[in-house]
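Structural features, examined
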Amino acid sequence: MPETLIANLKVQRYDPESDNPEVYYQDYEVEVEDWFTVLDALIKIREEIDGTLSLRCACRASICGSCAMRVNGEAKLVCKTRLDSVWSPGESVTIDPPGNMPVITDLVADFKPFWDKVRQVDPYMQPTGPVPTAEYLAPNKDMVHLAGVMNCIMCGACVSDCTVLEVDDRFIGPAALAKAYRFVADPRDGKKKERLGVLNDDTGIWDCTRCMQCVEVCPKDVDPMGRIMVMRDMAMEEGFTNTSGARHTESFYNSVKRSGRLNETRLAIESMGVLNIPGQISMAPVGVKALIKGKLPNPLDHKIPSKAAVKKIVEHSEEPSK
Amino acid sequence: MKYAFWPGCVALGGTPELYQSTKLVLNKLGIEVEELTNATCTGAGVLQEKNKKLGDTLNVRTFAQAEQMGLPIMTICSTCQGTMAQAQLAVINDDGYLAEINADLADEDLEYHGNTVTKHLLWILVEEYGLENLKKHFVRDLSGLKFAPFYGCYLIRPSDALGFAEVPERETSLERVIESTGAEVVDFKGARACCGLPILFINQNNSLKMVATHTGTAKDLGADAMVTPCPLCHLNLDGYQGKAAQKNRASAIDLPILHLPQMLGLAMGFTPKELGMNKHMVSTNRLRDHVEALAAPAQA
């Protein structure tokens, strides 16, 4: 039999009721089995070493969504994370509460901002038209597609690690936007355009940086960022084109269509809006400095030799078919 | 070693010093490249917002060109690398999808069979060229300098498309290459964060907060420069650092942002000017003076 395994866990602690509340790290050494999850180790610490350690967990089977926290700096559902995938003997593994939310105590975060955002997207069906005699029906293929989003267990891993929420807590965020998609893409919902109109506003779909951190940390493969990208296209298709985000995408697209390559200078000008004088002025100093350094990209297109063939491919992709 | 070279739109546009320094470094390393002058923009995830299949088609078109040349592709842009890796993953196990895309390429007599390997220069150095071989070309010891790595999102996420499970060393490749020059790696959380460029023209406040946070944190930890394999990150971290500091910090940050080949070039003995460091928006003068004061390179 192998010798006993001792794991070292460096756990963030915080007791709001202490005389001098502060965040600090406490090191624990705990005997573990090679099949332990991170949660198994934390529960063992709480039960056998330190009963004051607070954490949230319930099902231990990645269903309830209670135990998202940061493991070595990245959000994980700790019941789904094998200890040996994040820790090796001789090293220590760092456990923090989920990020982008206020900490209540130790590893327990306050999810109020999370649920507020979910409520903000009206997370319920709003059918319009005559009420059917039986239930509202949806084609099977649509439901199979939506099941990918409905897999979300609201654990908050994506919100914890969202790089936009880190700098702006008003951003609706990946979980609530994925939830919004669940209704926007449901053929039974009658408020698609209204929903997209709201999501198109500031703090909505266009504030995502496409950093893919939410895609990477989601324990259920919900792909929040992918859903946000689809909603951007849907919003533009519904006619919501008067945003820097929509102009940015259009400018990029048209540049590739014209020349095969990106025209960075036009992208900057067109995204701001050609008639947005304050916006243009705000960008000007960097543009002038780039010009002085001899590196302002040529505002004319950088055409590739086969631009005609590329344009044909792009035009073909625009034909309504399939 | 020979590669079909895809510099990407930004190395050919907003960061000409990346192109310039890459060419010098590759030449020194004896790595041959043939440029894909007829390849298109990868779409950078932006084109894909509007039409993912079109993005995949344009990238497959580039893969097919390289396949015809019988060469693997070298990229020097995290965003290109990641976008191309995602396109490759989308077609490689879906023959029907690949056939649809190939139909669109027939006019140019192109057909992709799935065989093109696309790697960022950073990965090529670690996985193929080898750091020991690389070090043989270093004539300046950069120890004493502290460099903060900054990967660029698309070179680390999504990990499945980037093959991290198969090639785990990719996850820490930038730190290892920095160490190979003798410089010390500044260990900071921002190394794998977002630079904010994709929303620069959409939500400038948020974008600049990201720039200020990452460059400011690295600077506070003692970094002499930041090193990135992504020219898009460079555009924001270098170009907008001054404005980001003004808006978000009490004082200037003034952290030079080096392209990966510029750091290699410094270790190889090239002058900062040869590497285009005079073209940066954030002054590189202090770093230049430091490097030039080091023992004179054995050859130039």
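The rules behind these values
- Residues numbered from 1 in each chain as written.
- Chains lettered and ligands numbered in written order.
- Predicted model: local features only at pLDDT ≥ 70, side-chain atom pairs only at ≥ 80, totals over all residues.
- Domains from an automatic or database assignment.
- Contact = placed C-beta atoms within 7 Å.
- Helix = DSSP H or I, 4+ residues; strand = E, 2+ residues; numbered from the N terminus.
- Axes fitted to C-alpha atoms, helices over the stretch in contact; angles between N-to-C directions.
- Parallel < 35°, antiparallel > 145°, perpendicular 65-115°, else oblique.
- Left-handed = near helix turned anticlockwise from the far one by under 90°.
- Nonpolar A, V, L, I, M, F, W, Y, C, P; charged D, E, K, R; others polar.
- Pairing = 2+ DSSP bridges.
- Right-handed = clockwise from strand over helix to strand, strands pointing away.

On to the domain arrangement of chain A, then. Each assigned domain of chain A is listed with its residue range as follows: domain 1 (5-109), domain 2 (112-237) and domain 3 (244-318). The centre of domain 2 of chain A, based on its C-alpha atoms, is set 30 Å off from the matching centre of domain 3 of chain A.

Moving on, we come to the interface of chain B and chain A. Contacts between chain B and chain A engage 45 residues on the former and 49 residues on the latter. When contributions to the side of chain B that touches chain A are tallied by element, the ones reaching two or more residues are α2 (47-50), α3 (52-69) and α9 (204-220) of chain B. In terms of residues, the side of chain B that touches chain A owes the most to one element, α9(B), which gives four residues.

All right, on to the packing of helix α2 (residues 112-120) of chain A against helix α5 (residues 174-184) of chain A then. All names here are of chain A. It is the contact of α2 with α5, at a shortest axis distance of 8 Å, that shows an interaxial angle of 25°. Our classification of the angle between α2 and α5 gives roughly parallel. The way α2 lies across α5 gives a crossing that is right-handed. Across the interface between the two elements, F114, K117, V118 and Q120 from α2 touch A175, A176 and K179 from α5. Within the contact of α2 with α5, the residues separate by chemical class into four nonpolar, one polar and two charged.

Attention shifts here to the pairing of strand β5 (residues 146-149) of chain B. The side chains of a regular strand alternate between the sheet's two faces. All names here are of chain B. Sheet topology places β5 next to strand β6 (residues 184-185); two bridges connect them, and they run parallel. Residue K146 lies in a different strand from β6, and its bridge partner there is E184. The parallel pair β5 and β6 is bridged by helix α8 (residues 173-180), and the resulting crossover is right-handed. Summarising the sheet, β5 and strand β7 (residues 225-228) pair through three bridges and their orientation is parallel. Bridge pairing links A148 to M226 in β7.

What follows concerns the pairing of strand β5 (residues 92-96) of chain A. Residues and elements named next belong to chain A. Relative to β5, strand β1 (residues 5-13) runs parallel, the two being bridged by four bridges. If you follow K10 over to β5, its bridge partner there is T94. For strand β3 (residues 68-71) and β5, the ladder comprises two bridges, and the chain directions are antiparallel. Its bridge partner being in β5, V71 is matched across the sheet by I95.

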